[in-house]
Amino acid sequence: MTASTHTAEPADFSSQTLSGWGSKPLNLCLTVGLGGLILAVVLGVVSGGMLRVTLAYLLSLLFFLSLSLGGLFFVMIHHLTRSGWSVVVRRLAEFIACGVAPLGVLFLPIVVAVLMGSSIPFIWNDAQLVAGDPLLAGKASYLNAPFFAIRCVGYFAIWLLLSRRLLGMSLLQDGSGDPALTNKLEGLSAPGLILFALTITFAAFDWIMSLDPHWFSTIYGVYYFSGSVMSFMAVLGILSVGLQRQGLLRDAITVEHLHDIGKLMFGFMCFWAYVAMSQYLLIWYANIPEETVWFKARQEHGWQYVSLILILGHFAIPFVGFVSRYAKRNASTLVFWSALLLVMQWVDLYWLIYPNFIDKGQFQSPPIPFVELAALVGVGGVWLGGILYFVGDKPLIPLKDPRLAESLAFHNI
């Protein structure tokens, strides 16, 4: 992907910060976030009870978590492969990865509710139900409240440790310029990626797949991972263009970097489709009732239209519209397709979560998502406010990264 070996002396980017924005954006995000959460609770209680509120909250958490985890993966794979092209956008990824911190705080109510015995939305936490269900009883050694809480704390602890450590050493290098820190970042990323793979896989099992504890798919973690990286690349594309239009990073991020961001987003979109199709075909081919029932719920009662929207909007239409070199190198088309794929990532999680409750008499048709949109604004406001807190007045580019000059001179073949 990288074609340039040019090593021109980089310009001084130390003034490229958000310090000129002051604290207003952070305060606005937190205020809007709090307002959105309150509105989601009120609307949810009025329209569908605590299950609706909890699912809308969980959906929003998983959506923004996918963006931060995609950013964390991007930073570590950048270091592990000694990538040169992506240095100018790596700091943005480091900031987005730190969004796991506010999400960890927001996840606490779910963990506390499970520990207090609530079975909303995780029915495996209903002791009476488990006692009368041999399959749930057989899974109780894994699906139980204390172990669930321990795993949740472990996931967020690992993600927070990795994201803060990667950002911390990167910022340290801004001051010292010590190239040995690059070697340390590479050394941290190797085991970090192994931990990342394990935690994102089991988190997807715990927080999405276990909503229907009778059903299982070993590819579920890869499915969530592929959507996470794709949606992060979409955010990175929008953010890069947005900052340039605010007069920032214009001399650093070029059309060549936007092109590569577009290529990675397109690639992971195709990977998501490949994983989704693989899962469907394996279950269709085996034709085992306890597996096919999961797709049956998504092929009736109006959910088949959501499935169709995903096929078209998450793959078929972007594949045709975004496949060209021009679409990836043009800022406006990149932003358009990025925004569409972000919406599709949200629709995908909506499709994964809600139909699990059809056989319990809930969501017999796709609910109009006004509660979910309120929760999206609420969680998103807190998530973005948390990221802006980490950004502060820090440089938006790794100032003294040894590969910065290579990144600035990067061009595609």
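Scroll up for the structure.
Treat the numbers as computed from the prediction; the structure is a model and nothing was measured. (Residues numbered from 1 in each chain as written. Predicted model: local features only at pLDDT ≥ 70, side-chain atom pairs only at ≥ 80, totals over all residues. Heavy atoms only, no water.)

Right, let's talk about the overall build of the protein chain for a bit. Per the secondary structure count, the protein chain includes 16 helices and zero strands. Since a compact globule built from 413 residues should have a radius of gyration of about 22 Å, the 22 Å found for the protein chain is in line with a globular shape. Viewed in the frame of its principal axes, the protein chain has a C-alpha envelope of about 70 × 40 × 40 Å. Classification of the 413 residues of the protein chain by burial places 54% in the buried group. (Helix = DSSP H or I, 4+ residues; strand = E, 2+ residues; numbered from the N terminus. Rg over C-alpha atoms; globule rule 2.2 N^0.38 Å. Buried < 20%, exposed > 50% of the residue type's maximum accessible area, 1.4 Å probe, protein only.)

Turning our attention to the packing of helix α10 (residues 255-286) against helix α14 (residues 331-353). Interaxial distance between α10 and α14 falls to 11 Å at its minimum, and their mutual angle equals 30°. Taken together, the axis directions place α10 and α14 in an arrangement best described as roughly parallel. Where α10 crosses over α14, the two elements pack in a sense that is left-handed. Within the contact between the two elements, α10 uses Leu258, Gly262, Met265, Met269 and Trp272 and α14 uses Ala331, Leu334, Trp337, Ser338, Leu341 and Asp348. (Axes fitted to C-alpha atoms, helices over the stretch in contact; angles between N-to-C directions. Parallel < 35°, antiparallel > 145°, perpendicular 65-115°, else oblique. Left-handed = near helix turned anticlockwise from the far one by under 90°. Contact = heavy atoms within 4.5 Å.)

There is a patch of nonpolar side chains on the surface, built from Leu34, Ile38, Val42 and Val46 and spanning about 400 Å² of accessible area. Its location among the elements puts Leu34 in helix α1 (residues 24-47). Taking relative accessible area as the criterion, Leu34 reaches 52% and is therefore assigned exposed. (Patch = residues over 30% accessible without salt bridge, like charges linked within 9 Å, V, L, I, M, F, W, Y side chains within 5 Å. Areas by Shrake-Rupley, 256 points an atom, 1.4 Å probe, with all protein chains shown as cover. Salt bridge = Lys/Arg side-chain N within 4 Å of Asp/Glu carboxyl O.)

What follows covers helix α3 (residues 87-97). Of all 11 residues that make up α3, 11 are buried, and the element is covered over most of its length. Of the residues making up α3, those classed as buried are Val87, Val88, Val89, Arg90, Arg91, Leu92, Ala93, Glu94, Phe95, Ile96 and Ala97.

Attention shifts here to the layout of surface pockets. In this model, the largest pocket occupies a volume close to 780 Å³. Residue lining of the largest pocket: 28 residues in total, with Val235, Ile238, Leu239, Trp383 and Leu384 positioned closest to the centre. Every element with two or more residues in the lining of the largest pocket is listed here: α2 (49-80), α3, α9 (220-245), α14 and α15 (370-391). Among the elements that take part in the lining of the largest pocket, α15 stands out by supplying nine residues, more than any other. Of the residues assigned to the lining of the largest pocket, the class counts are 24 nonpolar, four polar and no charged. As a volume, the second largest pocket reaches approximately 440 Å³. Counting residues per element, the ones that place at least two in the lining of the second largest pocket are α10, α11 (289-296) and α12 (303-321). Looking at the lining of the second largest pocket, the element that brings in the most residues is α10, giving seven residues. (1 Å grid on protein atoms, 1.4 Å probe; cavity = no way out; pocket = protein on both sides within 12 Å on 5 of 7 lines; lining within 4 Å. Points joined across faces, edges and corners; volume = space filled by probe spheres on them. Nonpolar A, V, L, I, M, F, W, Y, C, P; charged D, E, K, R; others polar.)

Below, the discussion takes up α2. In this model, α2 (32 residues) spans 47 Å end to end at C-alpha, consistent with the 46 Å of a helix rising 1.5 Å per residue. Positive phi appears at Arg82, one or two residues downstream of α2, with a value of about 55°. (Expected span 1.5 Å × (residues − 1).)

So, about the pattern of salt bridges. Evaluation of the coordinates by the stated rule reveals 11 salt bridges. Notably, a salt bridge pairs Asp401 with Arg90, separated by 2.6 Å at the nearest N-O pair. In this pair, Asp401 sits in the loop between α15 and α16 (404-408) while Arg90 sits in helix α3, placing the two residues 311 residues apart along the sequence. Here Arg90 falls in the buried class, since its relative accessible area comes to 0%. The closest approach of N and O atoms between Asp206 and Arg151, which form a salt bridge, is 2.7 Å. Within this pair, whereas Asp206 is found in helix α8 (residues 180-207), its partner Arg151 is found in helix α7 (residues 145-176), the two being separated by 55 residues in sequence. As far as burial versus exposure is concerned, Asp206 and Arg151 are alike and both buried. The network of salt bridges with common partners includes Arg90, Arg91, Glu94, Asp174 and Asp401.

Now for empty space enclosed by the protein. Under the criterion given, the structure shown has one cavity of 30 Å³ or more. Considered as a void within the structure, the largest cavity measures approximately 30 Å³ in volume. What lines the largest cavity is simply Leu61, Leu62, Leu65, Leu103, Phe107 and Phe156. The greatest single-element share of the lining of the largest cavity, amounting to three residues, is contributed by α2. A breakdown of the residues in the lining of the largest cavity according to their chemical character gives six nonpolar, no polar and no charged.

Once that is clear, we can look at the environment of Leu30. The residue Leu30 is located in helix α1 in this model. Residue Leu30 is classed as partly exposed on the basis of its relative accessible area of 35%. Separated by 355 residues in the primary sequence, Leu30 and Gly385 have C-alpha atoms spaced 5.6 Å apart.

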